[in-house]
Amino acid sequence: MYRRVPLLAALATSLKSVPGLLSGLGLRAQALLVFASQNGLRHYLKAMQQTDQTFKNLYHWNPFDAALLLPYFAVMILLAIYGMHRYTLVYLYYKHRRQYRSDPPAHFNELPGVTVQLPIFNEQFVVDRLLEAVCAMEYPREKLEIQVLDDSTDETQEVAAGLVERYAALGHPIVYIHRANRHGYKAGALDAGLKIARGQFIAIFDADFVPPPDWLMNVVHHFSEPQIGMVQTRWSHLNREYSMLTQIEAILLDGHFVLEHGARARRGDFFNFNGTAGMWRREAITDAGGWQHDTLTEDTDLSYRSQLAGWKFKYLPEIECPAELPIEMTAFKTQQARWAKGLIQTSIKVLPMMFRSKVPRRIKIEAVYHLTANLSYPLMVIMTALLIPAMICRFYQGWFQMLLIDFPLFAASTFSISVFYLASQRVLFPRSWMKSFWYLPFLMALGIGLTVTNTRAVMEALLGIRSGFARTPKYRVAKKGEKSQAAKYRKRLVLAPWIELLIGAYFLLAILYTFTNHNYFTAPFLILFVVGYWYTGLMSLLQGRFERWRTGATTEESSPKPFPVGV
């Protein structure tokens, strides 16, 4: 029988047993040499278990450790499942690559009517760029209608109305529609415009997008297939090179648009309209019940309802539509939190419909992965709380057991991120994708740093807590060194950055602990947590303050009401 020894006493005893540790390592090395010639994994594992006597008579399994380790491993297994799904998406993308056809199967003999909807809200500094690009699009004017759907509450009203008047005088088929309230937010504006739209097909662009002139002509002929209800094109990035943050944001979006959309579309699974840079068949919207605003991702909600109604979607990755990436951490976190909350809201609403439908089981399974992926953020919080206690317990069970169990889970949940995003960069940049290796640690760190704000968003969705549509501010910067014109749209800061800094300090203590017991394998993994939480926390606190101090802007100017408050 083993003797039960308190955990702290076990730690003190083990520190006095350094010679025993070295001896144990030597015995394991000898066992490896003896059994290597047998080429039998079973013999090797048995030998390692027999020779790993480092903590014999020192540690004994007890209910307290079980209460810590069972939820810890449950969380790790769930995270590993989502991680394995990333490998699956990469596999499916390449497996079905021959099933994709970029050219439309036919062309319209007579071009159909198209309505371009431009939903805007307080976009004073980018609306002129948007209207210039849309009015330059190549399409017969008698077949085209442009709706500026303006819910703005600031000077954007005057700017947009003046621009519309000027372009209308030049002969462009453009109209200005302003709502006195924001009922339904973006979904409400799109629905209001749809009721009076003349076009058979509806193209939608957000304010930060700059569609190329040939976009409409390249997309519309794909609707010559009568079953196609929506066509989505790929986002590219106007300000990719602006900063480290925009570089990482671009890689994150590339992974979504190349591999997620690519794999799902090629295999015939459901995928979603991204809210912009896409075109709808009007009947596909109405057959699904129209735009609804009970989730923050009205685009994904409508996408699933439309596909459940029998419409097919098409994805065209070779057609790009450039857009502006958020240049400040608070804007990026607000965007990510809205998406995280909206997808969970959509999963609660849509998945019961999916399960009751007659669509194939594989489509239902993929929909679960797609719509519930953000549950990984609350799981990360649980793992964070249990990490250091679990590390202590696992250390006293022996090195071999730690690596045998922990390393595969770590590889499934973490290495998959590297494979996923590197694969997307290789597709887009076959000659220069190797440069993306430099950004991988920062990409993983940033994903970790989003845990606090995205967990809050996910929990609000699960608890049914409603919130307004927090827009992502657009700053109209494209090149490194350019000054933002939209400081007044900057978000206010609340508690989240300070929580992120505290969690980063917690992981720093975990790193110090790993060095005391020579567990160097875990340290690099923990460094990602420290960098991630401190990066998001410090950037949220400091980004923009230097500009305010330099320009003399006041706090009220930087975050005026009624603009939404940041996370």
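As a convention, each chain's residues are numbered from 1 in the sequence order in which they are written. In keeping with the predicted nature of the model, local features appear solely for residues at pLDDT of at least 70, side-chain atom pairs appear and are counted solely at 80 or more, and the whole-chain, interface and lining totals rest on all residues. Neither water nor hydrogens contribute to the side-chain values; these are computed over all heavy atoms in the structure.

When we look at a pair of aromatic rings, we describe it by the centre distance and by the angle of the planes. Here is the rule: rings of Phe, Tyr and Trp (six-membered ring for Trp) pair when centre to centre is within 6.5 Å. Planes less than 30 degrees apart are stacked, more than 60 are edge-to-face, and the remainder are tilted. For the structure on display, the rule yields 22 aromatic pairs. Aromatic side chains Phe209 and Trp235 sit 5.1 Å apart centroid to centroid with 75° between the ring planes, which places their arrangement in the edge-to-face category. Here the residue Phe209 occupies a position in the loop between strand S4 (201-204) and helix H8 (215-220), and Trp235 occupies one in strand S5 (residues 228-237), the gap between them amounting to 26 residues. For the pair Phe209 and Trp235, one class covers both residues: buried. Arranged with centres 5.0 Å apart and planes meeting at 75°, the rings of Phe525 and Phe529 form a pair that is edge-to-face. Residue Phe525 and its partner Phe529 are located together in helix H19 (residues 523-542), separated by four residues, close to a single helical turn. With relative accessibility at 16%, the residue Phe525 sits in the buried group. Only protein chains enter the accessibility calculation, which uses a 1.4 Å probe; a residue is then buried when its area is under 20% of its type maximum, exposed when over 50%, and partly exposed in between. The exposure class of Phe529 is buried, given its relative accessible area of 1%. Linked through ring pairs, Phe271, Phe273, Trp280, Trp291, Phe313 and Tyr315 together constitute an aromatic cluster. For Arg166, the ring lying beneath its charged end belongs to Tyr167, and the centroid distance is 5.3 Å. Directly above the aromatic system of Tyr93 lies the positively charged group of Arg266, at a separation of 3.9 Å from the ring centroid. Only runs of H or I of at least four residues qualify as helices and only runs of E of at least two qualify as strands under DSSP, and these elements are numbered from the N terminus. Whether a charge sits over a ring comes down to the Lys NZ or Arg CZ being within 6 Å of the ring centre and within 35 degrees of the ring normal.

With that out of the way, let us pick up the pairing of strand S3 (residues 174-178). Strand pairing is assigned whenever DSSP identifies at least 2 bridges connecting the two strands. Bridge count for strand S2 (residues 144-150) against S3 is five bridges, and the pairing is parallel. Counterpart to Leu149 in the pairing with S3 is Ile177. Following the chain from S2 across helix H6 (residues 156-169) to the adjacent parallel S3, one finds a crossover that is right-handed. Looking down the strands as they point away from the viewer, one classifies a crossover as right-handed if the path from the first strand across the helix to the second runs clockwise.

Confidence of the predictor in every single residue is expressed as pLDDT, which spans 0 to 100. Taken residue by residue, the protein chain gives an average pLDDT of 84. The fraction at 70 or more is 79%. Residue contacts follow a heavy-atom distance rule, with two residues in contact if any of their heavy atoms lie within 4.5 Å. Under a pLDDT of 50 for its full length, residues 47-58 has, in the predicted model, 30 contacts with residues more than four places off or in other chains. Contacts of residues 549-567 to residues separated by more than four positions or lying in other chains number 39 contacts, the stretch itself having pLDDT below 50.

Take the pattern of salt bridges next. When a carboxyl oxygen of Asp or Glu is within 4 Å of a side-chain nitrogen of Lys or Arg, the pair counts as a salt bridge. Within this structure, the stated rule accounts for 19 salt bridges. Taking the shortest distance from any N to any O, the salt bridge between Arg234 and Glu320 comes out at 2.8 Å. Here the residue Arg234 occupies a position in strand S5, and Glu320 occupies one in strand S7 (residues 312-323), the gap between them amounting to 86 residues. Judged by its relative accessible area of 8%, Arg234 is buried. In this structure Glu320 comes out as partly exposed when scored by relative accessible area, which is 37%. Here Asp269 ties to Arg362 by a salt bridge, and the two come within 2.5 Å at their closest N and O atoms. Of this pair, Asp269 sits in the loop between helix H9 (244-267) and strand S6 (278-281) while Arg362 sits in helix H13 (residues 361-372), placing them 93 residues apart in sequence. Here the salt bridges share partners, and the residues they tie into one network are Asp294, Asp301, Arg305 and Lys349.

A few words now on unusual backbone geometry. Trans is the prevailing form of peptide bonds, just as negative phi is the prevailing case for residues other than glycine. Despite not being glycine, Tyr185 shows a phi value in the positive range, around 55°. Relative to the helices and strands, Tyr185 is located in helix H7 (residues 185-196). Non-glycine residue Ala277 carries a positive phi angle of around 60°. Secondary-structure assignment places Ala277 in the loop between H9 and S6. Its relative accessible area of 0% is what places Ala277 among the buried residues.

For the pair H9 and helix H12 (residues 329-356), the least separation of the axes is 11 Å and the interaxial angle reads 20°. The pairing of H9 with H12 is recorded here as roughly parallel in orientation. As for how H9 packs across H12, the hand of that crossing is left-handed. Residues Leu245, Glu249, Leu252 and Leu253 of H9 pack against Met329, Phe332 and Trp339 of H12. A per-class count over the contact of H9 with H12 returns six nonpolar, no polar and one charged. In this analysis an axis means a line fitted to C-alpha atoms, helices contributing only their contacting stretch, and an angle means the value between N-to-C directions, from 0 to 180 degrees. Should an angle fall under 35 degrees it is called roughly parallel, over 145 degrees roughly antiparallel, and 65 to 115 degrees roughly perpendicular, with every other angle called oblique. In a left-handed crossing the near helix is turned counterclockwise from the far helix by less than a right angle, and in a right-handed crossing that turn is clockwise. Residues are grouped as follows: nonpolar covers Ala, Val, Leu, Ile, Met, Phe, Trp, Tyr, Cys and Pro; charged covers Asp, Glu, Lys and Arg; every other residue, Gly included, is treated as polar.

Position of Met391 relative to the elements: it lies in helix H14 (residues 376-395). Taking the relative accessible area as the measure of exposure, Met391 reaches 7% and is therefore buried. Sequence spacing of Met391 and Thr522 is 131 residues, and the spatial spacing of their C-alpha atoms is 9.2 Å.

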